[in-house]
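# Fold and geometry: a report
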Amino acid sequence: SLSLSLSLSLSPTEMLDRDHPPSSPCNHAIQLEDTDYTTFLLGCYNQYLRPFVWVRTGHDRIRERYGVISRIDKDSPISLKCMIRYPLDDADITIWDIIGELVLLTVEPPPKNPFEVHHTWIDNLSPPEQVICTGALLDNLQWLLSLDTIWADDNVLEDVKHLSLRHLHNLSSADTGRL
């Protein structure tokens, strides 16, 4: 195990070469037949002083868009821009920063707002499911807005406004006895 001072003096790549954080081999990951999906494993290990992200499925999609991921690299964490300087500069990184970057990495074309709500999908839910879904989305997006992150912008605020109206409408018209 690396000492704290040595860990802080190494780049993330050098640190991984010396003391690779554990992850289950990706060849044991669940393989989805639909190649339109990419799944990730997020691990936060106190010993390494930072979070890590591994591609679990969908390596080919990432390889096609962003370069080669060799067999050796499949079990290595990927580098995300939001985590490059963490924790060296006391960077304040949130789960939202990681999720936002992963969405931009995997969605084609990359959206302006990685937390954009897919309202058409919500339309296809039953009324009780809509109430639960809009409530959960509102809770998460309001939490996102309360943080100091690049993703807390006017696009998210507009979705919160729209979801709030929708949620209140769904609550007032729902058969609450069935919820």
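These remarks concern the structure in this document. (Residues numbered from 1 in each chain as written. Predicted model: local features only at pLDDT ≥ 70, side-chain atom pairs only at ≥ 80, totals over all residues. Heavy atoms only, no water.)

### Thoughts on the nonpolar core
To be explicit about the condition: In these notes, a set of buried Ala, Val, Leu, Ile, Met, Phe, Trp, Tyr and Cys residues joined through side-chain atoms within 4.5 Å is what counts as a nonpolar core. Summary of the burial criterion: residues with accessible area below 20% of their type's maximum are buried, those above 50% are exposed, and those between are partly exposed, where the area comes from a 1.4 Å probe applied to protein chains only. In this description a helix means any DSSP run of H or I spanning at least four residues, a strand means any run of E spanning at least two, and both kinds are numbered starting from the N terminus. Any two residues whose heavy atoms approach within 4.5 Å are treated as being in contact.
Within the largest apolar cluster, 13 residues are counted, with the highest numbers of intra-cluster contacts made by Phe 115, Ile 122, Leu 141, Leu 144, Val 156 and Leu 163. Broken down by secondary-structure element, the contributors of at least two residues to this core are helix 6 (127-146) and helix 7 (154-173). Element by element, the count of residues in this core is highest for helix 6, at 4 residues. If we ignore the near neighbours within four places in the chain, the residues touching Leu 163 are Val 117, His 119, Ile 122, Thr 134, Leu 137, Leu 138 and Leu 141. If you look at the next biggest cluster of nonpolar residues, it comprises 10 residues, including Val 53, Ile 62, Ile 93 and Leu 105.

### Observations concerning the packing of aromatic side chains
Operational definition: Paired rings are identified among Phe, Tyr and Trp, the last through its six-membered ring, by centres lying within 6.5 Å, and are further divided according to the angle between planes into stacked (under 30 degrees), edge-to-face (over 60) and tilted (the rest).
For the structure on display, the rule yields 4 aromatic pairs. Arranged with centres 6.1 Å apart and planes meeting at 40 degrees, the rings of Phe 52 and Trp 54 form a pair that is tilted. Judged by relative accessible area, Trp 54 falls into the buried class, the value being 0%. Centroid distance Phe 115 to Trp 151: 6.2 Å. Interplanar angle 70 degrees. Geometry classified as edge-to-face. Of the two residues, Phe 115 is situated in the loop between helix 4 (95-106) and helix 5 (119-123) and Trp 151 in the loop between helix 6 and helix 7; the sequence distance between them amounts to 36 residues. No difference in accessibility class separates Phe 115 from Trp 151, as the two residues are buried. Taken together, the ring pairs connect Trp 96, Phe 115, Trp 143 and Trp 151 into an aromatic cluster.

### Considering the side chain of Arg 166
Under the convention used in this document: We call two N or O atoms a polar contact when they sit within 3.5 Å, provided that within protein one can donate a hydrogen and the other can accept it, with sequence-adjacent residues counted only if both atoms are side-chain atoms.
Looking at where Arg 166 falls in the secondary structure, it is placed in helix 7. Classification of Arg 166 as buried rests on a relative accessible area of 13%. Polar contacts involving the side chain of Arg 166 include one to the side chain of Asp 123, which spans 2.3 Å.

Function cannot be read off these values alone, since they describe shape.
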